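# Results of the structural survey
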There are 2 protein chains.
Amino acid sequence: MDKGIEGFSKLTKAQKIEWITRAHFKNPEDAKNLLLNYWNNDSDIQKKHDEFIENSLTNFYMPLGVAPNFLINGKPYTVPMVIEESSVVAAASNAAKFWLNRGGFKDEVLDTLKVGQVHFLFNGDPEIIHSFFKKNKPQVLEVTEEFSKNMIRRGGGIQNIKLIDKSHLIPNYFQLHVEFKTADAMGANFINSCLESIASKFKELAQNDSKYLKGEGVEVVMSILSNYAPKCLVRASVKCPVSDFIPENGWTGNDFAKKIIQAVEIAKKESYRAVTHNKGVMNGVDAVVLATGNDFRAIEAGVHSFASKSGQYTSLSNAFVKNDIFHMELVIPLAIGTIGGLTRLHPMVKWSLELLGNPDAKTLMKIIAVTGLAQNFAALRSLVTSGIQKGHMKMHLLNILNQMGASEDHKKAAIIYFKKHIVSVKAVGEFLKKYSLK
Amino acid sequence: MDKGIEGFSKLTKAQKIEWITRAHFKNPEDAKNLLLNYWNNDSDIQKKHDEFIENSLTNFYMPLGVAPNFLINGKPYTVPMVIEESSVVAAASNAAKFWLNRGGFKDEVLDTLKVGQVHFLFNGDPEIIHSFFKKNKPQVLEVTEEFSKNMIRRGGGIQNIKLIDKSHLIPNYFQLHVEFKTADAMGANFINSCLESIASKFKELAQNDSKYLKGEGVEVVMSILSNYAPKCLVRASVKCPVSDFIPENGWTGNDFAKKIIQAVEIAKKESYRAVTHNKGVMNGVDAVVLATGNDFRAIEAGVHSFASKSGQYTSLSNAFVKNDIFHMELVIPLAIGTIGGLTRLHPMVKWSLELLGNPDAKTLMKIIAVTGLAQNFAALRSLVTSGIQKGHMKMHLLNILNQMGASEDHKKAAIIYFKKHIVSVKAVGEFLKKYSLK
């Protein structure tokens, strides 16, 4: 197999590029030059980025944009957003501006508990393993002290540990279910290190006490944190008198509020809609998660599983009118950090955190949740008024023009023309054809 | 509010940077220089990237790594992966190599149907709206012909449209539920454009036919595609004789297979575990989704909602032994494209697609699913053998050393030392302290 290779990871970066461009590209030189063109001029900076992951060849550019005018608990923010999709940053900025004039966003962190589990099998009397665990709990916890010292000093650490009998699900299946606080760190390494040492101690104690366990040892399957974080929650909200909505489309403020609420109600009852409703929330959430060096796969897994916790996948946001006041809120789990991981390593992450005033983890949870709520509000506003395509395609216009290879002159003319016409790939193509003939 | 601003989006990029660095940074010059340092030297290329989104200030580097040795349906691939998390590319590469020698990956696309809906209210007899829809269906579909022409030529287009009565969920709530095929495009713009014109025609027809509808008009709430895509599915699988597993940890191949299956069984029954199990799948999936210019929020929403469709959030993969053959498979929805969006605009996306042999959408679905399965297998293998931390921290060692500002000499020494010692932030700190005293 000429496109397979032995020992690839041991090659230098230059050798990797050499092999890969020769094995896979029609024009290896062009393919190589493109990779090199995306390197940073400063070789120290480039080296830093190369060392984040394995087999790194170059930098993949994601645009970093900013959304100003966020007022959060009375404090102004400009929010950094890393996202490749057009119209998301514009939507966030518009929503921020809209609510800036209506008291801004309020939010609060509801809790910050994270979960990790040691999954094990014990083929014996559940009462015996329960009493064994009770007896040995202090010793089991003791092994985590080494890892926990710093974390406890910063206000975190293990909050509780319990043995759960899950043998009704799988024969002999039990868990050590552990809850953690991790202060300003996301805490994955801390949690996993604690769990692995707990598991190893627990197994060792079981081996030493095999008489008591009546010869039935403890078989550890795996030890790992959970990204399901239903106790690591933040709530973001906005409110304003219904009369504060500017009449649009011939609607009163009341009509507008009613439409938004209808759209949210549909997302609460209908999963096909809920998934996309929440996807809109995540456009905002992930853009800030990425900019601040957090792990978006972890956040996505936590948020969508939380949306399905009732047994039916549903909307993460809610909207209602009470005493002529319109309320909208979003509650989501966000297990993120502002120290550890890439936060101090990636220069643009450091920059983004400084832009936000170097927030602690709880403050960053609030900023992220607010951006999600802003995005959700902006999407619903478009959907119930002009439809999503008008604004989106307007924002996408430059991408379409670039794809068609339009010149700067043509682009300028198209931007003016499409202020008053509906954007579609076809319409842009026709415009360019006509314009070129002039 | 000195950190709020009017008309920000209308400023030039230079003016935006000027304002933002002065308003938010202690040292505005440094903050500005950092942004500039991440610009591409070629101003045309930089402009292209700036135009993807609004208020773009610079490029956020994500590392682009590659995982060679994937054998998929008998064809070799080197997979491009954009991800910031260490150890993911290494895990994918190891799993690819492992299965390369055991027949590689097999996969098939099960279906490619995508869904969009017009959500509307009708306050009247359901039978009347049903017969109204039946009568007007051809006219409603006719308005999409303009958008559909190209799509139909490419093998896509609207597959069916039906009226669904959801008034048991919300009073007067109905849907036009439309299924689409979108050939090699992700198709969001196509679907939304079709839906909006369907909605507008449907409303117009209802207005014209108000006598028949007995004065009860159709009130459209919104028209939008769904990211829930349970009929846009791909299955990736591997298999090998149990005896083909290399004995590790004193285990036989059979012991190893049993452990992997236990770990999958736990993820099938226990949601706390399932969420992280699937998060591991998504580490692989998203890395390829990003590299190929697709929208990872859409994919994440589709995959996790699919994982919860039974009412209990569960594992996306399955593993079992049958006739001494170990099988592992993954079935996930993937609504992706290889044309449209950023695929022709982002030079590194074009590069990534060429690396994969310029696949069509179905082939890319298979490659993405395989990478997810590889990641899942690699994570489980670590979890049930040495634990996740050993490998992960080894990969993370360079990040820790960089964070501590270690010199190149110190880094080299640490890499040698930690080949035989367990990596932790504390251990690395102690090593550097000792090494510096020498």
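Here goes a summary of the coordinates provided. The structure displayed is predicted, hence computed values, not measured ones.

### What to know about the interface of chain B and chain A
Accessible area lost during the coming together of the parts is what is often quoted as the interface size. Between chain B and chain A, the contact holds 143 residues from the first and 143 residues from the second. Between chain B and chain A lies a buried interface of about 12800 Å² when both sides are counted; carbon and sulfur atoms form 61% of it. Of all residues in chain B, Phe60, Tyr61 and Tyr272 of chain B bury the most surface against chain A, accounting for 7% of the area lost on that side. Measuring nitrogen to oxygen at the nearest pair gives 3.0 Å for the salt bridge that ties Glu84 of chain A to Arg297 of chain B. Remark: the boundary between chain B and chain A carries 63 residue pairs in polar contact (both at pLDDT 80 or more).

### Comments concerning helix 10 (residues 296-307) of chain B
Residues separated by three or four positions in an α-helix point in the same direction, a consequence of the helix having 3.6 residues per turn. Its 12 residues place the ends of helix 10 of chain B 16 Å apart at the C-alpha level, agreeing with the 16 Å of an ideal helix rising 1.5 Å per residue. Taken across its 12 residues, helix 10 of chain B has 12 buried, putting it largely inside the fold. What helix 10 of chain B keeps buried is the set Phe296, Arg297, Ala298, Ile299, Glu300, Ala301, Gly302, Val303, His304, Ser305, Phe306 and Ala307 of chain B. If you follow the buried residues of helix 10 of chain B, they end up packed against helix 9 (271-291) and helix 10 (296-307) of chain A together with strand 8 (233-241), helix 9 (271-291) and strand 10 (325-333) of chain B. Measuring from the side-chain oxygen of the N-cap residue of helix 10 of chain B to the backbone nitrogen of Arg297 of chain B gives 2.9 Å; that N-cap residue is Asp295 of chain B.

### Some points on the pattern of salt bridges
Applying the stated criterion to the full structure yields 44 salt bridges over all chains. Here Glu85 of chain B ties to Arg297 of chain A by a salt bridge, and the two come within 2.9 Å at their closest N and O atoms. Pair noted here: Glu85 of chain B is in the loop between strand 2 (75-82) and helix 4 (88-100) and Arg297 of chain A is in helix 10, and the two residues belong to different chains. Of the two residues, Glu85 of chain B and Arg297 of chain A, neither departs from the other in class, the shared state being buried. Among the charged side chains, a salt-bridge network with shared partners connects Glu84, Glu85 and Lys279 of chain A together with Asp295 and Arg297 of chain B.

### Concerning the sheet that holds strand 10 of chain B
All names here are of chain B. Overall, antiparallel pairing links the 4 strands, which are arranged 3-8-10-9 in an open sheet. Every interior strand has two partners, whereas the edge strands, strand 3 (106-109) and strand 9 (317-322), have only one. This sheet shows a mean twist of 15° between the axes of neighbouring strands, independent of strand direction. Two strands pair when backbone bridges link them, and strand 8 and strand 10 are joined in this way by 9 bridges, in the antiparallel orientation. Looking at the pairing, Ala236 lines up with Leu330 of strand 10.

### Remarks on the environment of Ala374 of chain B
Residues and elements named next belong to chain B. Here Ala374 lies in helix 12 (residues 361-384). According to the relative accessible area criterion, Ala374 is buried, its value standing at 0%. Along the backbone, Ala374 and Phe70 are 304 residues apart, and their C-alpha atoms lie at a distance of 9.2 Å. Residues contacting Ala374, with those up to four places away along its chain left out, are Phe70, Ala92, Ala95 and Phe105.

Conventions we followed
Residues numbered from 1 in each chain as written. Chains lettered and ligands numbered in written order. Predicted model: local features only at pLDDT ≥ 70, side-chain atom pairs only at ≥ 80, totals over all residues. Heavy atoms only, no water. Contact = heavy atoms within 4.5 Å. Buried area = accessible area lost by both parts, 1.4 Å probe. Salt bridge = Lys/Arg side-chain N within 4 Å of Asp/Glu carboxyl O. Polar contact = N/O pair within 3.5 Å; in protein donor to acceptor, adjacent residues only side chain to side chain. Helix = DSSP H or I, 4+ residues; strand = E, 2+ residues; numbered from the N terminus. Expected span 1.5 Å × (residues − 1). Buried < 20%, exposed > 50% of the residue type's maximum accessible area, 1.4 Å probe, protein only. Pairing = 2+ DSSP bridges. Axes fitted to C-alpha atoms, helices over the stretch in contact; angles between N-to-C directions.

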